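# An overview of the molecular structure
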Number of protein chains: 2
Amino acid sequence: MEYPEAKEKFISTWGSLGTLWGINKAMAQIQALLFISTKPLCMEDIMEDLKISRGNTSMNLRQLMDWGIVTKVLVSGERKEFFTTEKDVQELARIVAKERSRREIKPVIKVLEEVSSIKDDNTEKTRELIKQTKALKDLTDDLDTLMNKLVNQKQNWLTKSVLKFMK
Amino acid sequence: MEYPEAKEKFISTWGSLGTLWGINKAMAQIQALLFISTKPLCMEDIMEDLKISRGNTSMNLRQLMDWGIVTKVLVSGERKEFFTTEKDVQELARIVAKERSRREIKPVIKVLEEVSSIKDDNTEKTRELIKQTKALKDLTDDLDTLMNKLVNQKQNWLTKSVLKFMK
DNA sequence: TTAAACTTTCAATAATTATTGAAAGTTTAA
DNA sequence: TTAAACTTTCAATAATTATTGAAAGTTTAA
C-alpha cells in the first residue's frame, strides 16, 4: 500500500467511525485529514481534498472548534484562515471523553435519576421501574466517572498499570 | 412524576441514547420496555406499547437476539413467542461492550494497523501518517482492552477500587 | 471608503436510514 | 391434512440527516 491509498483508507475509516464518538462523517473526515497533515490547511485545501462543498466545510470546521478539537492558526502573509487539530492522541481522547460526557451521558444520568426517584406505590411494576433505572443509573455513572478519570490522567500511569496487570 | 410518565420518559431517553451504544431507536426502546417489564412480552404487547408496526418489531427483536441481549421465552399454554431482556446491568454492559468491540472497534484497529505499516519512504507526509495512525492504533487498542476487561470482571472489584481510589 | 478576498448562513435538495403493512412463509392444534 | 394463528420478508414510503451552493455577511488591504 502506498501513501495515497493509505491516506484515503485512513480518512474514510475514521470518517465512518465518527458515529462511534458521536460526530458526523464530514466532521470526522476533516479531523482525520488535519490529523495526518504536516501543516495547517485552509478551507480550500480541505474542500478540494475531501471533495465537499464550502458550506459543509465551514459548518463542520466550526463544530470541530466547538468541540475544542480544531483550532484556527494564523499563517503570516496569508489572509485566509488555516486550521490544525490536536495532534496528541491522549489529549484528543481526553477532549472527546469530556465532551461526550457533558453532551450525552450527563443528561441521561439526570433523567435516570428523576425516573428512579418516583414515589414507590408498592405495585410490582413501579418497583421494577425504580429498581432497574436505579441500577442503570449507577452503572452509567460509574462508567462515566471511570472513563473520564482514566482518560484524564495525563501521565496515564493508572491505565498503563491496569493494562499490564490484566493483559 | 407518576408511573406512566416515568415509564415513557425512561423509554424515550433510552431510545435516543441508542446511538451512543450503536443501535437504532426502535431497538433501544424495545430493550428498554422489556428491561422494566415484570414479565415477558409478546410481539403484540410491544407493538401496542411503543406504537410501532409488526414488521419493525419483528426485525428489531431479531437484531436484539443477534446481539444476545434479548431471548425468546416459552410461556406454557401460549402459542405465540414471548421475549425478555437480560435484567442484570453488569451482564448487559458486558455483552454490549463485547459486541461493539467485535463489530466496530476491532475492524478499525485492523485498518489502523495496515495503514500504519506502509513502507516509510522518508517523506515528511508519509512519516506523519505512520506516526499518527500508529499512535491512534495504540490508544484505540488500549481503550478497547481496558473497557472489555473492566466490564468483564463479574465481581467488578477492580472498577470499584479504581473508582474509590480516584473519586 | 471601497472593492476584493474571504467566511457564514440557510433554504432547497440529495442521501441515508427507519418504518410500514401486505404478502409470503411457518408452525401447530385439531 | 388443513386452516387458523402466528412470524418474517421486503418493496414502497416516510422520516431524518447531511450536503450543496448561492446570497448575504465580514474582514482587510490599498
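Owing to the predicted nature of the structure, the values given are computational and were not obtained by experimental measurement.

## Some remarks on the packing of aromatic side chains
Residue and element names in this part refer to chain A.
- With the rule as written, the count across this model stands at two aromatic pairs over all chains.
- When the ring of Phe10 is compared with that of Trp14, the centres are 6.1 Å apart and the planes differ by 25°; the resulting orientation is stacked. Taken together, the residues Phe10 and Trp14, both in helix α1 (residues 3-17) and four residues apart, mark about one turn of the helix. Considered together, Phe10 and Trp14 belong to a single accessibility category, that of buried residues.

## Things to note about empty space enclosed by the protein
- This structure, assessed with the given rule, holds two cavities of 30 Å³ or more.
- Taken as a whole, the largest cavity spans an internal volume of roughly 1,400 Å³.
- Along the walls of the largest cavity sit 43 residues, with Arg100 and Met147 of chain A together with Leu20, Arg100 and Met147 of chain B positioned nearest its centre.
- No other element matches the ten residues that helix α6 (residues 124-152) of chain B contributes to the lining of the largest cavity.

## Some thoughts on the domain arrangement of chain A
Residue and element names in this part refer to chain A.
- Domains assigned within chain A are domain 1 (3-85) and domain 2 (89-166).
- At the interface, ten residues of domain 1 touch seven residues of domain 2.
- Interface area lost by domain 1 to domain 2 is led by Trp21, Phe35 and Trp67, which between them contribute 61%.
- Applying the counting rule to domain 1 against domain 2 returns zero salt bridges.
- On inspection of domain 1 and its partner domain 2, the count reaches zero residue pairs in polar contact (both at pLDDT 80 or more).

## Quick notes on the relation of the copies chain B and chain A
- If you rotate chain B by 180° and push it 0.0 Å along the axis, it lands on chain A with an RMSD of 0.0 Å. Such a turn and shift between the copies fits a two-fold axis. Judged by C-alpha distance, Leu20 of chain B is the residue of chain B that lies nearest the rotation axis, at 3.6 Å.
- Most of the interface of chain B is mirrored in chain A, where 100% of its interface residues again form contacts.

## As for the protein's contact with DNA strand C
- Around DNA strand C, 17 residues are found, and the nearest of them are Ser58, Arg62 and Arg79 of chain A together with Ser53 and Arg79 of chain B.
- Of what DNA strand C places within 4 Å of the protein, 57% of the atoms are sugar or phosphate.
- Ser58 of chain A has a polar side-chain atom sitting 2.9 Å from a phosphate oxygen of DNA strand C.
- The leading source of residues in the surface near DNA strand C is helix α4 (residues 54-67) of chain A, at five residues.
- When its residues are assigned to classes, the surface near DNA strand C shows four nonpolar, six polar and seven charged.

## A short note on the sheet that holds strand β3 (residues 82-85) of chain A
All names here are of chain A.
- As summarised here, the arrangement of the three strands in space is β1-β3-β2, forming an open sheet in which the pairing is antiparallel. At either margin of the open sheet sits one strand with a lone partner, and together these are β1 (41-42) and β2 (70-73).
- Of the pairings in the sheet, the one linking β1 to β3 comprises two bridges and is antiparallel in character. Its bridge partner being in β3, Cys42 is matched across the sheet by Phe82.
- Together, β1, β2 and β3 form the strand contacts of helix α2 (residues 25-35), whose direction differs from that of β3 by roughly 90°.

## A short note on the protein's contact with DNA strand D
- Taken together, 18 residues lie around DNA strand D, and Ser53 and Arg79 of chain A together with Ser58, Arg62 and Arg79 of chain B are the ones closest in.
- A breakdown of the atoms of DNA strand D within 4 Å of the protein gives sugar and phosphate a share of 57%.
- Between DNA strand D and the protein, one listed contact pairs a base oxygen with a side-chain N or O atom of Arg79 of chain A at 2.7 Å.
- Contact distances for DNA strand D include 3.4 Å between a phosphate oxygen and a backbone N or O atom of Glu81 of chain B.
- Contributing elements (two or more residues each) for the surface near DNA strand D: α2 and α4 of chain A together with α4 (54-67) of chain B.
- Looking at the surface near DNA strand D residue by residue, the class counts come to four nonpolar, six polar and eight charged.

Rules used in this analysis
Residues numbered from 1 in each chain as written. Chains lettered and ligands numbered in written order. Predicted model: local features only at pLDDT ≥ 70, side-chain atom pairs only at ≥ 80, totals over all residues. Heavy atoms only, no water. Phe/Tyr/Trp six-rings, centres within 6.5 Å; stacked < 30°, edge-to-face > 60°. Helix = DSSP H or I, 4+ residues; strand = E, 2+ residues; numbered from the N terminus. Buried < 20%, exposed > 50% of the residue type's maximum accessible area, 1.4 Å probe, protein only. 1 Å grid on protein atoms, 1.4 Å probe; cavity = no way out; pocket = protein on both sides within 12 Å on 5 of 7 lines; lining within 4 Å. Points joined across faces, edges and corners; volume = space filled by probe spheres on them. Domains from an automatic or database assignment. Contact = heavy atoms within 4.5 Å. Buried area = accessible area lost by both parts, 1.4 Å probe. Salt bridge = Lys/Arg side-chain N within 4 Å of Asp/Glu carboxyl O. Polar contact = N/O pair within 3.5 Å; in protein donor to acceptor, adjacent residues only side chain to side chain. Least-squares fit on C-alpha atoms with pLDDT ≥ 70 in both. Near = heavy atom within 4 Å. Nonpolar A, V, L, I, M, F, W, Y, C, P; charged D, E, K, R; others polar. Pairing = 2+ DSSP bridges. Axes fitted to C-alpha atoms, helices over the stretch in contact; angles between N-to-C directions.

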